[in-house]
Amino acid sequence: MIDGPYFWLTVLGVLGTGLVAGVFCGFSTFVMRGLATLPPAQGVAAMQAINGAAVTPPFMAVFLGTAVLCAVTAVVTFVLWPDRGAVELQVGSALYLFGSFGLTVVANVPRNEALARLRPGTSEAAAYWPAYVREWTRWNHIRTVASAGAALAYVQALT
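The following paragraphs examine the structure supplied in this document. Each residue is numbered by its place in its chain's sequence as written, counting from 1. In keeping with the model being predicted, local features are shown solely for residues with a pLDDT of at least 70 and side-chain atom pairs are shown and tallied solely at 80 or more, while totals for entire chains, interfaces and linings include all residues. Values reported for side chains reflect all heavy atoms of the structure, with hydrogen atoms and water molecules removed beforehand.

### Quick notes on the overall build of the protein chain
And then number 1: Counting secondary structure elements, the protein chain contains five helices and zero strands.
And then number 2: Numbering of helices and strands runs from the N terminus; a helix is a DSSP stretch of H or I covering at least four residues, while a strand is a stretch of E covering at least two. For the protein chain, the sequential pattern of α-helices and β-strands runs α-α-α-α-α.
And then number 3: Principal-axis analysis of the C-alpha atoms gives the protein chain an extent of 60 × 25 × 20 Å.
And then number 4: Three labels apply to residues, based on accessible area from a 1.4 Å probe with only protein chains included: buried if under 20% of the type maximum, exposed if over 50%, partly exposed otherwise in between. Classification of the 159 residues of the protein chain by burial places 40% in the buried group.
And then number 5: It only takes one pair of heavy atoms within 4.5 Å for two residues to be counted as in contact. Counted over contacts in the protein chain with a minimum sequence separation of 6, partners at least 24 positions apart contribute 80%.

### What about the packing of aromatic side chains?
And then number 1: The rule is short: rings of Phe, Tyr and Trp, with Trp giving its six-membered ring, pair when the centres are within 6.5 Å, and they are stacked under 30 degrees, edge-to-face over 60, tilted in between. Enumeration over the complete set of coordinates arrives at nine aromatic pairs.
And then number 2: Arranged with centres 5.6 Å apart and planes meeting at 15 degrees, the rings of Trp 129 and Tyr 132 form a pair that is stacked. Of this pair, Trp 129 and Tyr 132 both sit in helix H5 (residues 123-158), three residues apart, which is roughly one turn of that helix.
And then number 3: With a relative accessible area of 0%, Tyr 132 lands in the buried category.
And then number 4: By the ring-pair criterion, three or more aromatic residues cluster together here, those being Phe 24, Phe 59, Phe 63, Tyr 96 and Phe 101.
And then number 5: Over the ring of Phe 24 we find Arg 143; its NZ or CZ atom is 3.8 Å from the centre of that ring. A positively charged side chain is recorded as over a ring if its NZ (Lys) or CZ (Arg) lies within 6 Å of the ring centre. The angle to the ring normal must also be within 35 degrees.

### Brief notes about the nonpolar core
And then number 1: Residue types Ala, Val, Leu, Ile, Met, Phe, Trp, Tyr and Cys, when buried and joined through side-chain atoms within 4.5 Å, form a set referred to as a nonpolar core. In terms of nonpolar packing, the biggest core is built from 13 residues, with Ile 2, Val 20, Phe 63, Leu 89 and Tyr 96 touching the most fellow members.
And then number 2: Contributions of two or more residues to this core are made by helix H1 (4-36), helix H3 (57-80), helix H4 (86-116) and H5.
And then number 3: Per-element tally for this core: the top contributor is H5, with four residues.
And then number 4: Among all residues touching Tyr 96, those that are not within four sequence positions of it are Thr 17, Val 20, Val 62, Phe 63, Thr 66, Ala 67, Cys 70, Phe 101, Gly 102, Ser 147 and Ala 150.
And then number 5: Leu 35, Ala 125, Tyr 132 and Trp 136 belong to the second largest nonpolar core, which has twelve residues in total.

### Some words on the environment of Leu 97
And then number 1: Following the sequence through the fold, Leu 97 ends up in helix H4.
And then number 2: Separated by 28 residues in sequence, Leu 97 and Leu 69 have C-alpha atoms that sit 9.8 Å apart.
And then number 3: Here Leu 97 is in contact with Ala 67, Cys 70, Ala 71 and Gly 102, once residues within four sequence places are set aside.

### Focus on a nonpolar patch on the surface
And then number 1: On the surface, Val 75, Phe 78, Val 79, Leu 80, Trp 81, Val 87, Val 91 and Leu 95 cluster together into a nonpolar patch covering about 810 Å² of accessible area.
And then number 2: Secondary-structure elements contributing two or more residues to the nonpolar patch are H3 and H4.
And then number 3: The dominant element in the nonpolar patch, judged by the number of residues it contributes, is H3, at four residues.
And then number 4: Relative to the helices and strands, Val 91 is located in helix H4. Candidate patch residues must exceed 30% relative accessible area and have no salt bridge, after which like charges are joined if within 9 Å and Val, Leu, Ile, Met, Phe, Trp or Tyr side chains if within 5 Å. The Shrake-Rupley method, run with a 1.4 Å probe, gives the accessible areas here. Residue values count only the displayed protein chains as cover. Whenever a carboxyl oxygen of Asp or Glu lies within 4 Å of a side-chain nitrogen of Lys or Arg, that contact is scored as a salt bridge.

And the structure:
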């Protein structure tokens, strides 16, 4: 079993990646499905409100804090390469940094920004909404799996 600072970095990594995986899983399994059943004007307005609420300190502290933690874990592990758990720590860090944080930046945020520019009751918003839901959710499924995989890799590093 890993110990010392690695132990605490890894425990925090499990917690952060697991929390983010749970948020993403909730969106993939029921939030986006529920929003998709609404008329486009209501769905767009609701998602715009959700996106605005997401960039508040509580969620951003977990989401960005976990990214920083994973980056620190990856660098420290690469430099010191402990006898146990090094591969699992690198895999967990990479899964979160690229599959969760990275995909958020390149796939989900641009769609959120495009949605934010639309007025909910317009024909443009109504036309964009089905594609937004489909594409955003597809990328979110990947973020969910990557975050859960990161948590699993970190748990494996602890054993």
